[in-house]
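# Reading the structure
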Amino acid sequence: MLLVDWLYVGVFVVVGIIMAALPLAIVWLLAPRVDYPQKYTTYESGVVPFGQAWAQFNVRYYLFSLVFVIFAVEVIYLYPWAIVFRQIGKYAFYSMTVFLVILLLGLIYAWRKGALEWV
Amino acid sequence: MVSWPLEILKAIGLAAVIFTFLAVVAAMFGVLLERKIGGWIQSRLGPKHVGPQGLFQTLADTLKLLQKEHIQPRAADRAIFNAAPLIVAVAGLMSWVVIPFGTLGERVLVVRDLNIGIVFFAGMASMTVIGILAGGWSSNNKYSLLGGLRSASQMVSYELPLGMALVAVAMEAGTLSTVGIVRAQDGWFGSFVFRQFPAFVIFLIAATAEVNRVPFDLPEAESELVAGYFSEYTGMRFALFQLGEYGEMFAMAAMTATLFFGGWKGPILPPLVWFLLKMYVVVFFLMWVRWTYPRYRLDQLLNLSWKVLLPAGLVWILITGYRITF
């Protein structure tokens, strides 16, 4: 049945793209096309655009993204544990407590180091 | 034995039905509902002239958008610019695969009861950001780029509390399947909103942020970024962004109803009606918040997630684990 489940997911992706593209096809049939050069300039509050947007850009939250990667992996580890910890009992709870406390300490470390500050 | 052609036909039919449902109920009448509620909260009338009480306003808007020219800025990256609205619209559809609508006799009305239901949901919910980032970057417009990057920062921050809340619910229910989670909630006080109240609060806040709604609507921020990531999109492509956004919002509301309010369960009324009722209560709540609160600043938004919700989520998982184990 697992294969059927993912067949549905795949079909949903394909049908979703087709259904979303359908109105675009209708627009292609219905909409007028009037060409003049100003129409295709980039919008910048009405003035002539200054340079490109594809310049070097300082993504200031990159430290957050690094911390995010660690915690996202951690959350994935939590899911299997969340399902089976009832059956395993106390042992599962203690081991996961150790794991979570280490992560909490990591978060506190990042916090104290100023990684969670908007600079 | 499964008959593959039949399953494929069923899948295509269901996908088409749900997509249409999203386009009509979520996008068209969701926007109308939003404007009506906004009008009501701000003591004005809202749309009133098209059809009885303005009922056909968004229908007319859609017809108008269908006749609008596609404008693609010369500086934009063609392929990615075109793909972005499709990604957002499909992402809005995908979450609905795992949401149970109700029961019909013994059968549960759900597209597929995936065994990893809520993990799948979390994954699909964060897929929107790929479309938003693609649209924002490929427009080659400074406002759009900023909008896209803000959206990414929001995803990076609120994905985690959302995941934590889902883990807490999974612990309580002992399963990841959405149908199983609804089954695990018995009676009025069995709803997880009582036993998992902190998880509910975290989930609701994170969900609001994930679907980029006020007070976390920085990627759009009309007043500073002039619509942000979709500034350069015209006509139907703009509408696809809206469709994806509202589809995602209704999916989040439906998921809140499923995880915390017992999904389709309820007395007297049919299950489907209960499910829709609960979903619309959450939708109304999200709209109420939108018309009431101002927007967060980016640093405040990151602070709320990393310094409040994330530690709270971790601690709540420990508390839940302790309570269930001992």
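Criteria and cut-off values
- Residue numbers here run from 1 along each chain, matching the order of that chain's written sequence.
- By the order in which they are written, chains take letters starting at A while ligands take numbers starting at 1.
- Predicted model: local features are reported for residues with pLDDT of at least 70 only, side-chain atom pairs are reported and counted for 80 or more only, and whole-chain, interface and lining totals are derived from all residues.
- Secondary structure is summarised from DSSP: a helix means a run of H or I of at least four residues, a strand means a run of E of at least two, and numbering begins at the N terminus for each.
- Throughout, the radius of gyration refers to the C-alpha atoms, and the reference size of a globule is 2.2 Å times the residue count to the power 0.38.
- Residue burial here comes from a neighbour count, namely the number of other C-beta atoms, placed from the backbone, that lie within 10 Å of the residue's own C-beta, with 20 or more meaning buried, 12 or fewer meaning exposed, and in between meaning partly exposed.
- By the criterion used throughout, residues are in contact when their C-beta atoms, derived from the backbone, lie within 7 Å.
- Charged means Asp, Glu, Lys or Arg here, nonpolar means Ala, Val, Leu, Ile, Met, Phe, Trp, Tyr, Cys or Pro, and polar covers whatever is left, Gly included.
- Between the first and last residue of a helix there are one fewer steps than residues, each counted as 1.5 Å, and that sum is the expected span.
- What the bend at a residue measures is the angle between two axes, fitted to the seven residues ending there and to the seven starting there.
- Residue-level confidence of the predictor, termed pLDDT, takes values from 0 up to 100.
- For our purposes the nonpolar core covers buried Ala, Val, Leu, Ile, Met, Phe, Trp, Tyr and Cys residues that link as a set through C-beta atoms within 7 Å.
- Working convention: axes come from line fits to C-alpha atoms, limited for helices to the stretch in contact. Angles between N-to-C directions cover 0 to 180 degrees.
- Note that the term roughly parallel is reserved for angles under 35 degrees, roughly antiparallel for angles over 145, roughly perpendicular for angles of 65 to 115, and oblique for everything else.
- Crossings are assigned a handedness: left-handed for a near helix turned anticlockwise from the far helix by less than a right angle, right-handed for a clockwise turn.

The next point concerns the overall build of chain A. For chain A, the count of helices and strands is 3 helices and 0 strands. Listing the helices and strands of chain A from first to last along the sequence gives α-α-α. For 119 residues, the compact-globule estimate of 2.2 N^0.38 gives 14 Å, and the C-alpha radius of gyration of chain A, at 25 Å, exceeds that figure by more than 25%. Projecting the C-alpha coordinates of chain A onto the three principal axes gives extents of approximately 70 × 50 × 15 Å. Per-residue burial for chain A yields a buried fraction of 18% across its 119 residues.

This paragraph deals with the overall build of chain B. Scanning chain B for helices and strands turns up 13 helices and 2 strands. Taken over the C-alpha trace, chain B has a radius of gyration of 20 Å; the compact-globule value for 326 residues is 20 Å, and the two agree within 12%. Seen through its principal axes, chain B has C-alpha atoms that stretch 60 × 50 × 45 Å. Looking at chain B as a whole, 55% of its 326 residues are labelled buried. Within chain B, contacts between residues separated by at least 24 positions form 78% of all contacts whose residues are at least 6 apart in sequence.

Once that is clear, we can look at the interface of chain A and chain B. With 56 residues of chain A at the interface, the matching set in chain B holds 64 residues. Contributions of two or more residues to the side of chain A that touches chain B are made by helix H1 (2-30), helix H2 (62-88) and helix H3 (90-112) of chain A. A per-element tally of the side of chain A that touches chain B places H1(A) first, with 19 residues. The residue makeup of the side of chain A that touches chain B, split by class, is 43 nonpolar, 7 polar and 6 charged.

Residues separated by three or four positions in an α-helix point in the same direction, a consequence of the helix having 3.6 residues per turn. Residues and elements named next belong to chain B. The end-to-end C-alpha distance of helix H6 (residues 142-173) is 46 Å, a good match for the 46 Å that 32 residues give at a rise of 1.5 Å each. Along its length, H6 reaches its greatest deviation from straightness, about 30 degrees, at tyrosine 158, and the proline proline 161 lies no more than four positions downstream. Among the residues trailing H6, glycine 174 stands out with phi positive, at a value near 75 degrees.

All names here are of chain B. Counting all residues, the mean pLDDT for chain B is 84, and 99% of those residues have values of 70 or more. Looking over chain B, one finds the lowest element-wise mean pLDDT in helix H10 (residues 222-225), namely 71, and the highest in helix H9 (residues 197-210), namely 89. In the predicted assembly, ipTM is 0.84 and pTM is 0.88.

Turning our eyes to something else, we now look at the nonpolar core. Residues and elements named next belong to chain B. Among the nonpolar cores identified, the biggest contains 134 residues, and Ala165, Val167, Val169, Phe203, Ala206 and Ala253 are the most heavily contacted of them. For this core, the leading source of residues is H6, giving 19 residues. Here alanine 253 is in contact with Met279, Val282, Val283 and Leu286, once residues within four sequence places are set aside.

What follows deals with unusual backbone geometry. All names here are of chain B. Although it is not a glycine, asparagine 140 adopts a positive phi angle of roughly 55 degrees. Mapped onto the elements, asparagine 140 comes out in the loop between helix H5 (128-138) and H6. The phi torsion at isoleucine 268 lies on the positive side, around 60 degrees, for a residue other than glycine.

What follows deals with the packing of helix H3 (residues 78-94) of chain B against H5(B). Residues and elements named next belong to chain B. One way to put it is that H3 packs onto H5 with a least axis distance of 8 Å and a crossing angle of 160 degrees. In terms of axis orientation, H3 runs roughly antiparallel to H5. Here the hand of the crossing between H3 and H5 comes out left-handed. Contact residues: Ile80, Phe81, Ala83, Ala84, Pro85, Ile87, Val88, Ala91 and Gly92 in H3; Thr128, Ile130, Gly131, Ile132, Ala134, Gly135 and Ser138 in H5. Its residues assigned to classes, the contact of H3 with H5 shows 11 nonpolar, 5 polar and no charged.

The largest bend in helix H1 (residues 4-41) of chain B is about 35 degrees, located at B:Gly30. Residue B:Ser43 follows H1(B) closely and has a positive phi angle near 55 degrees.

So, on to the environment of B:Tyr246. All names here are of chain B. Here tyrosine 246 lies in helix H11 (residues 235-260). Residue classification places tyrosine 246 among the buried residues on the basis of 24 C-beta atoms within 10 Å. In the structure, tyrosine 246 is positioned 219 residues away from alanine 27 in sequence and 5.4 Å away in space, judged by C-alpha atoms. Residues in contact with tyrosine 246, not counting those within four places in the same chain, are Ala26, Ala27, Gly30 and Val31.

All names here are of chain B. Running from N to C, H9 and helix H13 (residues 298-325) cross one another at 145 degrees; their axes reach a closest spacing of 10 Å. By crossing handedness, the relation of H9 to H13 is classed as left-handed. Between H9 and H13, the contacting residues are Pro198, Ala199, Ile202, Ile205 and Ala206 on the first element and Leu309, Ala312, Gly313 and Trp316 on the second. Its residues assigned to classes, the contact of H9 with H13 shows 8 nonpolar, 1 polar and no charged.

Below, the discussion takes up the environment of B:Ala152. Residues and elements named next belong to chain B. Relative to the helices and strands, alanine 152 is located in helix H6. Sequence separation between alanine 152 and serine 126 is 26 residues, and the spatial gap between their C-alpha atoms is 9.6 Å. When neighbours within four sequence positions are excluded, alanine 152 is seen to be in contact with Val129 and Leu133.

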